[in-house]
Amino acid sequence: MSPSLSESESLLVFSDVHLGSDILDGAENKARRSASIDLDLVHLLAHYRRMRPRAARWRIVIAGDFIDFVGMTIPAEPTSRVALETPPTEEEREHGLGNAADHARLKLHRVAERHADVFRALGSFVADGHALTLVHGNHDIEFYWDSVKNDFREILFGLASLENSSLDRESFFSRIEFNPWFFYRDGVAYIEHGHQYDAFCATAHVMSPLSPLDPRRVARCFSDTFLRFVVRRTVGMKEYGHEHVGLLFYIGFGLRLGVLGMVRLVCRFTLAVMALFRLRRAYLSEAAAILRAEHEQRIMKLAEATRIGKDKLRALLSLQVAPISSSIRGILASVLLDQLALALLSAVAFVALATFSAVRGHIVWGTLGVLVTWSLLNRYLSAQRAVDPAQVMIERAAHLARLFPAAFVVMGHTHVPTVSPAGDATYVNVGSWAEEEPDAEFHYRAARTHLVIEVGEHGAEATFCAWDGSAPRAVELALPTSKKGGHGGQPLPNAFV
C-alpha cells in the first residue's frame, strides 16, 4: 500500500475478545465471563473516539477471535430469529449448533444481544467516520460466510442509526472490512491472528476453510473438536493450560470424576478421536481436491486484488504449520495415546519379566532396561507433542517481516502480550480481553492490552498500552535479550493487573 494511504489512518489493534464464550445453553461445564470485560472495552472505544488520531481517521484492527462462535453452545432447535436451512447433524443435536452459515448467523445475533453495549460502541465508532477491520481467527472463522459478514454490518448500522438517523448506509458499510488471512500496510504493520502457526488450531486452507465432509460447514480443527466433544461436557475441565500437563494429569482428573465420570470422559475422548480420523480420511477424498482447487483460485484472486504477487503469498503459505489432525501420528500424539500405549507396553514387559522364570536371574537388569527404554521414549514423545505455539509465532515473525516489510508484525491467539525482535521489525502479541470469573482454583485477569500505531516524520511508531479501567497505561516496549546472546520474546512487564 502506498505511504500516503498508510498515513491517512492510525491503527488501533487488539485481539481475542471472545464475545459469546459464556453463551452455554444446557452445557454441563459453564464458565462465567467477567462482566468488567465489556465495560472496559466500551470505555476504551469511547476514549479513542474522543482522541484525535495523528492521521485522518482511526482504523480499528481486531486481530481475530472477536466473536467466539466455537465456544458457545446453543441447542439445535427451531427458532424464528434466523431460519435454519441447514439441518443439524446428529453431532450438532448433541453438542449444539455448528458452523454452517445459518447456524453462525443465529449465534451472531445471540452475541449481539448479550453484548449490545460493545456492538453499540463499535457502531458509533464507525459512524464517526472511522474504519473497522476484522481479521479472522480460529474462533471466528465463521466470518468466512458472506451472510454472517452482512449481518454483522447490519447490526452495527442499526445500533449506530439510533444515534444518527441520517447515517449513510453505503458509506458505513464500506468502512467495515473482513480479512480472512492478514491485514497489511506497507512499511507499517503486518497483522494476522496467528492460529495458522498452531497445529492444534490451524486450518488446512486458510482462504477456503470448508469441510470436505460437508462444504456447507467450516472444517473443525483439533481444538474445536475437543472443545465441543469433551471440554464443554466435562465439569471442571478448563479450556486453557493443556500445554503444561501430561498423561498423569488426565488420569488423575478422570479418577476425581469417579467411575461413571471416568467412563463418560473416555467415551467423549473416543468420539472426538473418531471425528478427527473421519476428517483426516476426508482430506484424501475428491471433495478435498475440489476445496484445494478453490483455495488456489482464491489465492490467485487475492494476489491480483492486492498486487502482492502469487509467489509471495505462496511463500507466506509455506510458513504455516500442518493441522495436527492431518496425520495419524499427530492425532495419536495430540491426545497422548502414544504415551499411553508406551506405558501399557512397559507394564506388559514388567509382567513378563516377573512371570517367566527363564529370565528371573536377570530380572534386575531387565527391569532397569525397561525403565530406561520407557524413560527415553516417553521423553522423546513428550518433546514431539509441542502444544504451545508462542515460540513458533516469534520465529515466523522474522520471516514475515522479510516477506512483508513493516515496522511491526502483530498477532494474538496466545492471549499473552509479548514483544520480540523480528529481523528489522518488532513482533508484538497484543494479548487478550478474554477471561473467566475467578474461582477457588484459578484467578486470571486478562491483559486488556492494545497497540496504537501511527505514522510520523520518522516512520511508523507504536505505543503498547494496557487498559486500567479508566484510561490506557503505556507498557514499556522492551526488547529482551536472552542469556545465549540472541533475542527472544517474553511476556511484557506490568501487562497483567
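Residues numbered from 1 in each chain as written. Predicted model: local features only at pLDDT ≥ 70, side-chain atom pairs only at ≥ 80, totals over all residues. Heavy atoms only, no water.

A.B. asks: Hey, could you run me through a nonpolar patch on the surface in this one?
C.D. replies: A cluster of nonpolar residues, Leu248, Ile251 and Leu255, forms a patch on the protein surface that exposes about 340 Å² of accessible area. One can find Ile251 in helix H9 (residues 247-256). (Patch = residues over 30% accessible without salt bridge, like charges linked within 9 Å, V, L, I, M, F, W, Y side chains within 5 Å. Areas by Shrake-Rupley, 256 points an atom, 1.4 Å probe, with all protein chains shown as cover. Salt bridge = Lys/Arg side-chain N within 4 Å of Asp/Glu carboxyl O. Helix = DSSP H or I, 4+ residues; strand = E, 2+ residues; numbered from the N terminus.)

A.B. asks: Where do I start with the pairing of strand E1 (residues 9-14) in this structure?
C.D. replies: Successive side chains on a regular strand alternate, one facing one side of the sheet and the next facing the other. Most of E1 sits out of view: six of its six residues are buried. Residue alternation in E1 divides its side chains into two sets, Glu9, Leu11 and Val13 and Ser10, Leu12 and Phe14, and both sets are buried. Summarising the sheet, E1 and strand E12 (residues 449-456) pair through three bridges and their orientation is antiparallel. Bridge pairing links Leu11 to Ile453 in E12. (Buried < 20%, exposed > 50% of the residue type's maximum accessible area, 1.4 Å probe, protein only. Pairing = 2+ DSSP bridges.)

A.B. asks: What exactly am I supposed to notice about helix H5 (residues 116-127) here?
C.D. replies: Under the 1.5 Å per step criterion, the end-to-end length of H5 is 16 Å for 12 residues, consistent within 8% with the ideal 16 Å. All of the buried residues in H5 are Val118, Phe119, Ala121, Leu122, Gly123, Ser124, Phe125 and Val126. Directly after H5, the chain includes Gly129, whose backbone phi takes a positive value near 105°. (Expected span 1.5 Å × (residues − 1).)

A.B. asks: Help me understand the sheet that holds E1 in this model?
C.D. replies: By definition, the strands of a sheet pair up through backbone hydrogen bonds, in either a parallel or an antiparallel sense. Taken in spatial order, the seven strands make up an open sheet running E4-E3-E2-E1-E12-E13-E14, and their pairing is mixed. Two strands bound the open sheet, and with one partner strand each, they are strand E4 (176-179) and strand E14 (472-475). Across the sheet, the mean angle from the axis of one strand to that of its neighbour is 25°, orientation sign disregarded. Relative to E14, strand E13 (residues 459-467) runs antiparallel, the two being bridged by four bridges. Its bridge partner being in E14, Phe464 is matched across the sheet by Val475. (Axes fitted to C-alpha atoms, helices over the stretch in contact; angles between N-to-C directions.)

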